[in-house]
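Residue strings, one per chain:
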Amino acid sequence: MLSSVEMVLSHKIYLHVCSYYNIVIAGAIIYFISHFIGEVFMKSSTCSTVFLCLCCLFFTLQAAQRNEGAFRTASAMGESVESALHKAQRDALWEYAQTLSDRSFLREYEQKVEEFFQTHREDLIVSSEILEKKSRYGVYETTVRLRVNEDFFIDSFEAEGFLVEEQVEKPRVMVLLEEYEQNTPVHDNIVTHVIEGALTAQGYQLLEEEQLERVRQEDTDGEDLAALGFAHGADIIIRGRVDIAAPRVQTAYGVSQVSVPVNVNVRVIRADNAEIITSLSERVLKRTLDEYTARDDGLREGGEIISAGIDAAISAYWREHTRGLRRIELLAHSQSEEKLYDLESSFAKIPQIKQGHLRYVEQGRAVYDVEVLGTVQALRRQIEQHGVWRISALAPGRIALQEGERTTPGKISYDIDMPSLSVRSAQIEPIFPSRLRYYEENDIAEITVAGGGEQVDDLRVHVFIPRLMDMPTERAVSFSQGGEKTLSMPLLLNEEKLLEFSAERQVPAEVSLSYTIQGRRESREIMVPVRVYTRNGLDWNNLPSLGSFVTYQNPTIDRFARYVVAEYDRSTSLPDDLSDAIAIFSALREHGFTYVSDPVNIAASGLDQVYFPVQTLEKRTGDCDDFAVLYAALLSAIGIPTAFIVYDDHVLTMFNTGVYEKNADILGVDRNRVIIHNNQCWIPVETTMLSDTFFDAWSAAAQQFRQTVADGGRFDIVEVATAWQTYRPFDYRHTIDLPLENLLSSVTVDLSHVYEYARNSMFQAIEDLESRDTLSLTEKNRLGRLYARSGDFLAAREHFSGLVELYGESRAVRNNYACALLLTGDDGAAIGQIEEALTRGSFEEGLINKGLFYYVSDRSDGMDVFSDMVREVYTKTGSLDSFDRLLGIPVSTEPTERATDHSGEEQQIDRSRLQDMIRQQVLEDDFSGAGDTDSYGGNVMPFGGVRGADPTQIAEIADLLVWMDL
């Protein structure tokens, strides 16, 4: 039995041996190349020697570096690049540790292992390379490639007691040697006994003498011997011959010595496919004073040397063969079609088969694809223990089963009959009714066929699922002799038939192949199993498919959402999208829901049941995914972008508030409560908390997200709009007569709660900064911006005026002072300050602000200056994205119209109009402004500039201004 410690140590030795072996080979090659270059091109043996030394030094260093450690790659998320890097390094170290010891064993010592990694990080990591780093949703994700210091890692793990003594069963070996002395068989079989003793001492299992004798009586070799040995339970066959030559007498100085030449030749053979693992040969010549001692000593030494070679060969093969999964093709033959289909259910009783699925059934034969751990011999024993099936034939990567119990060991065939045109694979994706729109546009059937030695012409493939289709799908395939062809096909499914399935089941698909070989028309028809799920089935391994459940177009969903946003009292100045989202959440709470878990454990199977939104409204029950999908559908119905945050065992919804990051303070000063994506603020909502306030659901979701990031936990975010590009919403037409009265009774309370939080958090932040004795320049700048955001424009103006006196050379300070001046109505002074800041160098923020200052003023050249500034910014950046980030409006995208528009009075700035004008300047270059009018007609600021603006209009201007950080 081989322990994991022994395997690790042998692995270390193997690395060093390979290192030296490679260096020797490389050295020989370098010598000849350098000699050729030095003599032919440089005409100098000295140059040749120098070149040789340099090459040897370089490759030796490279070889040493390559063997200095093992490489591991891992990705992780964190709140910063540094934290993400450390977590990725930790994950990479864990991955390597699990190759040395049992995973469950390590998890028992998880805390100690974590401390070990933390303490010895520099010693464990030879080098670390960042392959990729990116930021999504305010979270940094880093992919790192480590070179692990294997020697230190293994030695330290062993010293810490982290290496579990994992026992690996060694193979069953059959030793069949023929021993001859001067071509006459001998029966003492010394070499055989030495080899058997050495193998037994190393833990190998030997075939019993009775079984061995039966094999000897067959007097066979090659494939027949391997097949017979396999049938008797052998994994490995040692086959060979020992020849003892005639003794030779030599006399020296009056002393006679006898030498007996001994030749040992063996082959190490796999019993499951007759493949030769290695061939070994050894010649021994021992000299002693008498013939018999020389003979026996030579046989023993030859046996010992050969035994060491056999052990090394088997160990290397066995280590590779028994670790990790292997894919094989299992062919089962039976007259009972029921037994062929039921074979898959018996895989669970066979420990070595880790996964298996039926490929197809054809005329008394089923073909399965299985993943096997360990050896074919061990698999044979497990299969035959059940007494229903037995292995009848073997081929590389393929096993044939025959129905019936094996009564006596018999020879296994290595020849498996296959059709002239074989079906290598036939797969049809599992069918989920919710993905019907996806199936209309994408291939879901994949057939791979392979020809033999004959030419195949006019190949046609038909696929038909009687339970789900009205007519088959056909494809014509061009095929070359002896080639292989994979074709993908869409299937047109009948929606009514698909929705009839009330429970998950497997249905047969008919795959027909017709083709011509040597002028004769042939055909084959196979049955391929297709798994069909219920209309509410979802596979969490395919997260984007969740988008097909967000059926915002359903009449009931659309009516519910539009009623709420049209009827509730907009009593606060919260952003429209946020206000509408709060109102819909409040209406759902009034509708009333009860949390009920699904019976399926999604963590184990990946499969789940998800209600369509109208079903959840009707049943008033659901779990996390049901409520998340319902909320996303209602928000989508009124044009609010949504996404799902998916954890290992939980899902919730987040939505785009429409507020850009630059204005995030209007949602509260705590940035941990929002998730930044594409420069905009998204809010997560715990949709299982429909009995609580919106504020509490928001708080719980934000806290879980931040905690997951801090812990280095994994999560995925699925944007619904992106998911719809592949999985369009299912056309679920079911409607209900839903009473909408009394849904809005608590909307005002929810709106006020969020509004008061945002205001109070801002005032609290101002109070905290004002109470400090000293402030850094960054904190002083932050205080001035908070004054402006809170509406105290005079305080902001006075504050930045003082900063200009102290830091007048800072264009950022002057820029912010100019913004404060504009908000107090002094557009002339504001323009003067921004132009002064721009004399210190052109910068995007200053150019944008100058354009805005002129845009909102009542100057006659306002539109001309605005146009010039927009063009200059675009010239500097070459992109519209900077306008999104700086202005806080989606200039880089086409203007869109919300399902509900609450922009208010005509006196406010029309952001869509501003967005379109900027796009004209940089994309069409045909806008011409004159005075205070534009091509849309009317004044830009009809109230006569900033001085005539009311507080709501000023707030609109404040949102557009570009404040700079310090």
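- Where an unreviewed UniProt entry is consulted, the protein appears under the name Transglutaminase-like domain-containing protein, with the organism given as Chitinivibrio alkaliphilus ACht1.

**Remarks on the packing of aromatic side chains**
Reasoning step 1: The full count for this structure, using the stated rule, is 24 aromatic pairs.
Reasoning step 2: Where F695 meets Y757, the ring centres are 5.2 Å apart and the plane angle is 55 degrees; that geometry is what we call tilted. Residue F695 is found in helix α21 (residues 694–710), and its partner Y757 is found in helix α23 (residues 747–770); the two are separated by 62 residues along the sequence. The pair F695 / Y757 is uniform in exposure class, with both members buried.

**What about the packing of helix α25 (residues 793–806) against helix α26 (residues 811–823)?**
How two helices sit against one another is set out by the angle between their axes and by the gap between those axes.
Reasoning step 1: For the pair α25 and α26, the least separation of the axes is 8 Å and the interaxial angle reads 150 degrees. With respect to α26, the element α25 is oriented roughly antiparallel. In this structure, α25 meets α26 at a crossing whose hand is left-handed. The segment α25 lies against α26, with F793, A796, R797, F800, S801, L803 and V804 engaging V813, R814, N816, Y817, A820, L821 and L823.

**A closer look at the pattern of salt bridges**
Reasoning step 1: Summed over the entire model, instances satisfying the criterion amount to 40 salt bridges.
Reasoning step 2: In this structure, R521 engages D458 in a salt bridge whose closest nitrogen and oxygen atoms are separated by 3.3 Å. You can see R521 sitting in strand β22 (residues 520–532) and its partner D458 sitting in strand β18 (residues 456–464), a full 63 residues away along the chain.
Reasoning step 3: The residue D558 makes a salt bridge to R562 at a minimum N-O spacing of 2.9 Å. Pair noted here: D558 and R562 are both in helix α16 (residues 555–567), with a separation of four residues, about one helical turn.
Reasoning step 4: Through salt bridges with shared partners, one network takes in R437, E440, E441, E495, R728, D731 and R733.

**Points about the environment of I675**
Reasoning step 1: Within the fold, I675 resides in strand β29 (residues 675–677).
Reasoning step 2: For I675, the residues in contact, after removing those within four places along its chain, are Y137, I645, M654, Q680, C681, W682, P684, F705 and R706.

**A few points about the side chain of E329**
Reasoning step 1: In this structure, E329 sits in strand β11 (residues 325–333).
Reasoning step 2: On the accessibility criterion, E329 (9% relative accessible area) is buried.
Reasoning step 3: Reaching out from E329, the side chain makes a polar contact with the side chain of R359 at a distance of 2.8 Å.

**Description of the sheet that holds strand β1 (residues 70–78)**
Reasoning step 1: With antiparallel pairing, the three strands of this open sheet are ordered in space as β1-β3-β2. Each end of this open sheet is capped by a strand with a single partner; those strands are β1 and β2 (125–136). Sheet twist, expressed as the mean angle between neighbouring strand axes with direction ignored, is 15 degrees.
Reasoning step 2: Two strands pair when backbone bridges link them, and β1 and strand β3 (residues 139–148) are joined in this way by nine bridges, in the antiparallel orientation. Note on β3: the bridge partner recorded for A70 is V148.

**A closer look at the confidence of the model for the protein**
Reasoning step 1: Across the protein, pLDDT averages 81, with 80% of residues at or above 70.
Reasoning step 2: Of all secondary-structure elements in the protein, the lowest mean pLDDT belongs to helix α1 (residues 4–41), at 47, while helix α20 (residues 624–637) reaches the highest, 97.
Reasoning step 3: Taken as a whole, residues 59–68 scores under 50 in pLDDT and shows 11 contacts with residues more than four places along the chain or in a different chain.
Reasoning step 4: For the stretch residues 903–909, pLDDT sits under 50, and the model shows 13 contacts to residues farther than four places along the chain or on other chains.

**Some points on unusual backbone geometry**
Reasoning step 1: Within the chain, D458 stands out as a residue other than glycine whose phi angle is a positive 50 degrees.
Reasoning step 2: One non-glycine residue, N679, lies in the positive phi region at around 70 degrees.
Reasoning step 3: Here N679 shows up in the loop between β29 and β30 (680–685).
Reasoning step 4: On the basis of relative accessible area, N679 is assigned to the partly exposed category, the value being 28%.

What counts, and at which threshold
- Residues numbered from 1 in each chain as written.
- Predicted model: local features only at pLDDT ≥ 70, side-chain atom pairs only at ≥ 80, totals over all residues.
- Heavy atoms only, no water.
- Phe/Tyr/Trp six-rings, centres within 6.5 Å; stacked < 30°, edge-to-face > 60°.
- Helix = DSSP H or I, 4+ residues; strand = E, 2+ residues; numbered from the N terminus.
- Buried < 20%, exposed > 50% of the residue type's maximum accessible area, 1.4 Å probe, protein only.
- Axes fitted to C-alpha atoms, helices over the stretch in contact; angles between N-to-C directions.
- Parallel < 35°, antiparallel > 145°, perpendicular 65-115°, else oblique.
- Left-handed = near helix turned anticlockwise from the far one by under 90°.
- Contact = heavy atoms within 4.5 Å.
- Salt bridge = Lys/Arg side-chain N within 4 Å of Asp/Glu carboxyl O.
- Polar contact = N/O pair within 3.5 Å; in protein donor to acceptor, adjacent residues only side chain to side chain.
- Pairing = 2+ DSSP bridges.
- pLDDT = per-residue confidence, 0-100.

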